[in-house]
Amino acid sequence: MKITARRLKDLLELVQPAVGGRKAKLPVLTHVLFQDGRLVATNLEIYILASCPEAAGERLTAPFELLQQQAMFVPDHFQLELAARDGQLLVRHHDGLEAELASVAPDDFPPVPEGALPGGGEVDGDAFNAAAAFVHHAAATEEARRPLTGVRLALGDPLELAAADGFRLAWHRLPAKAGHLDAVAGRTELLVPGHAVRVLMQLWNKVGGQVSGESEADRVGLTRHRDPGVAFAAGLVRPRLLRISYGPTRADFDLGDTRLVVPLLDGQFPDVLQLVPATFQHAIRFHAEDLRRCLNQFQKLAQSGSSIVRLQWEPGQLLLSVSAENVGQVRARIKADITAGPPGKIAFSWSFLHDYVKVCPPGWVTMSANARQQPALFGAPGHFSLLLMPMTVSD
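Quick caveat: nothing in here was measured; it's all calculated off a predicted structure.

Here the focus is the confidence of the model for the protein. In low-pLDDT regions, the fine details of the predicted coordinates are not to be read closely. Residues of the protein with pLDDT of at least 70 account for 92%, and the chain-wide mean is 89. Within the protein, the element-level pLDDT minimum falls on helix 6 (residues 228–233), averaging 40, and the maximum on strand 4 (residues 47–51), averaging 98. In the model, residues 219–234 has pLDDT below 50 throughout and makes 23 contacts with residues more than four positions away in sequence or in other chains.

In structure tokens form, the structure reads like this:
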């Protein structure tokens with residue numbers, strides 16, 4: 001097969017998150033497969049399939065790292081030729097490069113999950129990606145709590161994403177116009193591994209909605225307007241759609257020319273939404289940008305100490321402070337409105353609060369709280385919600 005160096009570099013970078021590392025238990029997982037117009041990579045936890053028309057009619061494997069290294073130093077416009085020969089991958093181009101790389105047999109490559117799945121639908125990929133970016137931080141990392149290592153997709157209308165780790169709960173409901181996924185055969189939710197959600201976000205940011213041969217004008221659907229900005233303002237731009245198909249054990253995320261295949265987690269996601277208090281004594285409103293700026297300024301000091309940020313609200317302002325023994329203390333104040341309850345105080349993990357504000361949409365945020373030892377609720381425009389457990393501190 002023949003392929004330009006630039007094209008090969010882009011494809012290898014695209015599938016890299018699914019390639020097994022040097023510690024992979026099976027050598028074949030450190031390879032990629034060119035087959036039937038696709039480039040495939042898997043670590044047995046996820047599969048990434050990228051459209052590669054140059055591989056039409058081909059079936060050959062390649063050691064990922066060695067092939068990427070060979071392509072890295074070839075000028076983008078040069079054309080590379082890849083061929084299988086005597087158990088090796090032959091890589092060459094007209095400038096004199098010829099490499100013979102040991103490779104595994106294509107038959108040894110893990111079979112790609114195929115076949116139609118019973119459930120599925122299309123959602124606005126940008127809206128889904130924004131929701132995933134918001135909630136995935138709250139997924140647990142300890143395998144002992146395996147269901148909590150996933151992001152729950154609650155099927156229905158509206159589609160809701162949620163994640164929790166025992167200290168925080170983040171959830172977001174997509175707007176109705178973003179689309180929804182219907183329950184199938186009694187399945188009301190999908191439990192997608194947190195690391196797979198992060199890979200999906202990376203893929204969407206790179207190639208979300210791209211389809212071979214479709215120009216920007218085709219996507220916009222213009223007849224008179226050739227400026228995408230004008231078309232968007234006029235409501236003529238079609239959303240970039242993410243197709244999600246699902247069955248009992250797996251989900252497929254179709255991004256256009258790229259597909260992510262993910263085995264679903266077993267187990268039941270706990271009903272963590274029942275932890276949200278029905279009422280709150282305090283409500284304080286402030287701008288997300290102000291809180292984000294303060295937490296960024298606190299970062300070094302917070303990471304040098306206990307990583308605790310203290311919040312104290314008074315009429316017209318919210319006071320924030322961080323301290324570290326033998327290092328120092330920093331204080332800041334931002335404008336805030338107390339919309340319910342008297343002045344008060346609470347403390348949180350700096351890192352958990354920072355995770356929230358760095359993906360929170362701009363605008364007003366409302367923090368609702370009760371006693372200092374009870375969870376507080378952060379709410380932002382567009383249903384971006386976080387329930388956060390406080391830290392216990394002495395006055």
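The next point concerns the packing of helix 1 (residues 5–15) against helix 2 (residues 64–72). When two helices pack together, their arrangement is given by the angle between their axes and by how far apart the axes lie. At a closest axis distance of 10 Å, the pairing of helix 1 and helix 2 adopts a crossing angle of 145 degrees. Between helix 1 and helix 2 the crossing geometry is left-handed. For the pair helix 1 and helix 2, the contacting residues are Leu8, Lys9, Leu12 and Val15 in the first and Phe64, Leu67, Gln68, Ala71 and Met72 in the second.

Under the defined criterion, the tally for this structure stands at five aromatic pairs. Seen from their ring centres, Phe134 and Tyr356 are 5.7 Å apart, and the 65 degrees between their planes marks the pair as edge-to-face. One end of the pair, Phe134, is in helix 3 (residues 125–135); the other, Tyr356, is in helix 8 (residues 350–359), and 222 residues separate them in sequence. Taking the relative accessible area as the measure of exposure, Tyr356 reaches 3% and is therefore buried. Centre to centre, the rings of Phe348 and Phe378 are 5.5 Å apart; their planes meet at 65 degrees, and the pair counts as edge-to-face. Residue Phe348 is located in strand 21 (residues 344–349), and its partner Phe378 is located in strand 23 (residues 376–380); the two are separated by 30 residues in the primary sequence. Clustering of aromatic rings is evident, with ring pairs tying together Phe134, Phe348, Tyr356, Phe378 and Phe384. One residue, Arg285, lies across the ring of Trp364, its end atom 3.9 Å from the ring centre.

Analysis parameters
Residues numbered from 1 in each chain as written. Predicted model: local features only at pLDDT ≥ 70, side-chain atom pairs only at ≥ 80, totals over all residues. Heavy atoms only, no water. pLDDT = per-residue confidence, 0-100. Helix = DSSP H or I, 4+ residues; strand = E, 2+ residues; numbered from the N terminus. Contact = heavy atoms within 4.5 Å. Axes fitted to C-alpha atoms, helices over the stretch in contact; angles between N-to-C directions. Left-handed = near helix turned anticlockwise from the far one by under 90°. Phe/Tyr/Trp six-rings, centres within 6.5 Å; stacked < 30°, edge-to-face > 60°. Buried < 20%, exposed > 50% of the residue type's maximum accessible area, 1.4 Å probe, protein only. Lys NZ or Arg CZ within 6 Å of the ring centre and 35° of its normal.

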